Amino acid sequence: MSKIIAVTSGKGGTGKSTVCAGLGYTLAKQGHRTLLIELDFGLRCLDIMFGVEDSIKYDLGDVLNGRQDVLKAVAQVPMASNLNILCAPKTLTSVSAEQIVEICRSVKKYFEYIIIDTGAGINSHVFDIVEQANLILVVSTPDPVCIRDASLMSDEFYNRGNKSQRLIINKISKKFIGEALIANLDEIIDKVGVQLIGVIPDDFKMTIATGKGTPIPTDSSALKAFDAISKRLGGEFVPLTVKTS
Ligand SMILES: Nc1ncnc2c1ncn2[C@@H]1O[C@H](COP(=O)(O)OP(=O)(O)O)[C@@H](O)[C@H]1O
Ligand SMILES: [Mg+2]
């Protein structure tokens, strides 16, 4: 049985797609068969992030319209053989929560993790889809607007009865977090009101790798953070270390 994880945030640009790419990559490198499903209709990016822009033949739109089976529409990522991606359609396509649930149901025996990038804009469809996940990862940066939006979003999930949420604080840098590092991280966690699963540094090496579609370098601090979160997802205890530059 695969674990379905929805990656979401209140605000755009917080790093949802980067988190999906980083977790997908590290889970796959740890030996877990992983599928990333991109729900960012019209704004696909996972193909670029994994350097497969020119080789994507099918996308989620083909599956939703019944033109292709899910397993044939997914693309295997050359840089991580356990990782497959199902890219968002290039145009707006209507989707229901039931359709996404059905897609996950039909492939869950093939993947240990199915990670859903909920994309920009929160509408009721996204809430319905996210509610079907086993775990919701709420992504926030240290930006106060982002923190407030993450908190509102998380409250809505709680109100709908979904308590299985964890917080990822992304783009941590000395610029945002000064001397009182831990106190400020605590402040973010308190304000969002969700238990922390990991902290990702603002790492230019990650931006370059996802922008060029090249593997994340092994000395990337963001890669180390993603590796730790991926292990925590599997129940492993990995102490929290925060490296900022
Ligand atoms: N930890 C990080 N370190 C450096 N750059 C990051 C990090 N996370 C995200 N970014 C950059 O921030 C921008 C927005 O990230 P993205 O993942 O596309 O956000 P979203 O999917 O939430 O809109 C991208 O340019 C991405 O490379
Ligand atoms: Mg995105």
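Scope of this entry: the structure provided in the associated data block.

Criteria and thresholds
- Residues numbered from 1 in each chain as written.
- Chains lettered and ligands numbered in written order.
- Predicted model: local features only at pLDDT ≥ 70, side-chain atom pairs only at ≥ 80, totals over all residues.
- Heavy atoms only, no water.
- Near = heavy atom within 4 Å.
- Polar contact = N/O pair within 3.5 Å; in protein donor to acceptor, adjacent residues only side chain to side chain.
- Areas by Shrake-Rupley, 256 points an atom, 1.4 Å probe, with all protein chains shown as cover.
- Helix = DSSP H or I, 4+ residues; strand = E, 2+ residues; numbered from the N terminus.
- Nonpolar A, V, L, I, M, F, W, Y, C, P; charged D, E, K, R; others polar.
- Salt bridge = Lys/Arg side-chain N within 4 Å of Asp/Glu carboxyl O.
- Buried < 20%, exposed > 50% of the residue type's maximum accessible area, 1.4 Å probe, protein only.

1. As for the site of ligand 1
Link 1 in the chain: Around ligand 1, a shell composed of 14 residues is seen, among which Lys 16, Thr 18, Asn 170, Asp 203 and Thr 207 lie nearest.
Link 2 in the chain: Between ligand 1 and Pro 201, the relevant distance is 3.0 Å, taken from a nitrogen atom to a main-chain nitrogen or oxygen of the residue.
Link 3 in the chain: At a separation of 2.9 Å, a nitrogen atom of ligand 1 approaches a polar side-chain atom of Thr 207.
Link 4 in the chain: When ligand 1 is considered free in solution it has 550 Å² of accessible area, and contact with the protein chains removes 78% of it.
Link 5 in the chain: Elements with a minimum of two residues in the shell around ligand 1: α1 (16-29), β7 (165-172), β8 (196-201) and α9 (204-212).
Link 6 in the chain: Considering every element that reaches the shell around ligand 1, the biggest residue donor is α1, with 3 residues.
Link 7 in the chain: Class assignment for the residues of the shell around ligand 1 results in 2 nonpolar, 8 polar and 4 charged.

2. Topic: the pattern of salt bridges
Link 1 in the chain: According to the stated counting rule, one finds 11 salt bridges in the structure shown.
Link 2 in the chain: A salt bridge links Arg 67 to Asp 62; the nearest nitrogen and oxygen atoms lie 3.0 Å apart.
Link 3 in the chain: Overall, Arg 67 belongs to the exposed group, its relative accessible area being 56%.
Link 4 in the chain: We classify Asp 62 as buried; its relative accessible area is 11%.

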